[in-house]
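Below are the chains, spelled out letter by letter.
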Amino acid sequence: MNPQYTALANQVALIIKQQKRDALQPICDLLKEKIPHYNWVGFYFMNDEKQMLELGAFAGEKTDHIVIPYGTGICGQVAVSGKMLLVKDVSKEDNYLACSLETKAEIVVPIHKGEVLVGQIDIDSHK
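Residues numbered from 1 in each chain as written. Predicted model: local features only at pLDDT ≥ 70, side-chain atom pairs only at ≥ 80, totals over all residues. Heavy atoms only, no water.

Participant: Explain the overall build of the chain residue by residue, including any values.
Facilitator: Along the chain, the regular secondary structure elements total three helices and six strands. When the elements of the chain are put in sequence order from the N terminus, they spell out α-α-β-β-β-α-β-β-β. Since a compact globule built from 127 residues should have a radius of gyration of about 14 Å, the 14 Å found for the chain is in line with a globular shape. When the backbone C-alpha atoms are referred to their principal axes, the chain occupies close to 35 × 35 × 25 Å. Across the 127 residues in the chain, those meeting the buried criterion constitute 36%. (Helix = DSSP H or I, 4+ residues; strand = E, 2+ residues; numbered from the N terminus. Rg over C-alpha atoms; globule rule 2.2 N^0.38 Å. Buried < 20%, exposed > 50% of the residue type's maximum accessible area, 1.4 Å probe, protein only.)

Participant: Lay out the sheet that holds strand β6 (residues 116-125) with the relevant residues and their values.
Facilitator: Reading across the sheet, the six strands line up as β3-β2-β1-β6-β5-β4 and stay open at both edges, with antiparallel pairing between neighbours. Whereas interior strands pair on both sides, the edge strands pair on one side only; in this sheet they are β3 (67-69) and β4 (85-87). The mean angle between the axes of side-by-side strands here comes to 25°, regardless of whether they run parallel or antiparallel. Bridging between strand β1 (residues 40-47) and strand β2 (residues 52-59) involves six bridges; their strand directions are antiparallel. (Pairing = 2+ DSSP bridges. Axes fitted to C-alpha atoms, helices over the stretch in contact; angles between N-to-C directions.)

Participant: Pulling in residues and values, what's your account of the side chain of Thr-103?
Facilitator: With respect to the helices, strands and loops of the structure, Thr-103 is situated in the loop between β4 and β5 (105-113). A relative accessible area of 6% places Thr-103 in the buried class. Apart from the residues within four sequence positions on either side, Thr-103 is in contact with Val-90, Tyr-96, Asp-124, Ser-125 and His-126. (Contact = heavy atoms within 4.5 Å.)

Participant: Could you give an account of the pairing of β5, with specific residues and numbers?
Facilitator: Of the strand pairs in this sheet, β4 and β5 are connected by three bridges, and their pairing is antiparallel. Across the sheet, residue Val-87 finds its bridge partner in β5, namely Glu-106. Where β5 folds back onto β6 in an antiparallel hairpin, the turn is made up of two residues, including Gly-114, whose phi is positive at roughly 70°.

Participant: Could you give me a rundown of the pattern of salt bridges, with the residues and numbers involved?
Facilitator: All chains considered together, the criterion is met by two salt bridges. Taking the shortest distance from any N to any O, the salt bridge between Asp-89 and Lys-92 comes out at 4.0 Å. (Salt bridge = Lys/Arg side-chain N within 4 Å of Asp/Glu carboxyl O.)

Participant: Please set out helix α2 (residues 24-34) residue by residue, giving values where relevant.
Facilitator: Owing to its 3.6 residues per turn, the α-helix aligns residues three or four sequence positions apart on the same side. Here α2 has its buried residues at Ile-27, Cys-28, Leu-30 and Leu-31. Buried positions in α2, seen along its axis, are confined to an arc of 165° and lie on one side of it. Those residues of α2 hidden inside the fold are in contact with α1 (3-19), β1, β2 and β6. (Arc of directions from axis to C-beta.)

Participant: A description of the state of the cysteines should follow, citing residues and the corresponding values.
Facilitator: Counted under the stated rule, the structure contains zero disulfides. Left unpaired, Cys-28 is separated from the closest cysteine sulfur, that of Cys-75, by 12 Å. Judged by its relative accessible area of 0%, Cys-28 falls in the buried class. (Disulfide = S-S within 2.5 Å.)

What follows is the structure, given as structure tokens:
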């Protein structure tokens with residue numbers, strides 16, 4: 001692994017260890033600050049009862065997408081599949097939910113607790 005990313009991973013681990021429940025905002029802030037091509041970093045959490053993702057901590061421009069229906073957009077697709085999704089060119093996606101017209105690429109990584117999908121980290125880039 002790239003030494004820069006190893007150091008960043010170690011910083012994230014330290015934040016989690018020290019702050020536990022309050023770690024998400026500092027993680028968003030750190031990733032957005034340290035990785036220049038990350039323009040928006042946020043956590044969405046599953047609400048299976050409503051079949052919606054609900055926005056938690058984030059760093060970047062405010063978004064209107066504080067809830068996202070399962071299946072809608074990149075995040076919604078990951079909510080259904082439970083698998084990571086990397087989109088290098090969002091303009092080529094039929095089922096894309098634009099948070100910013102400047103976004104060019106997006107990655108969504110699911111977060112599991114054991115076998116249960118509980119949320120995801122969503123990262124947008126203008127590059």
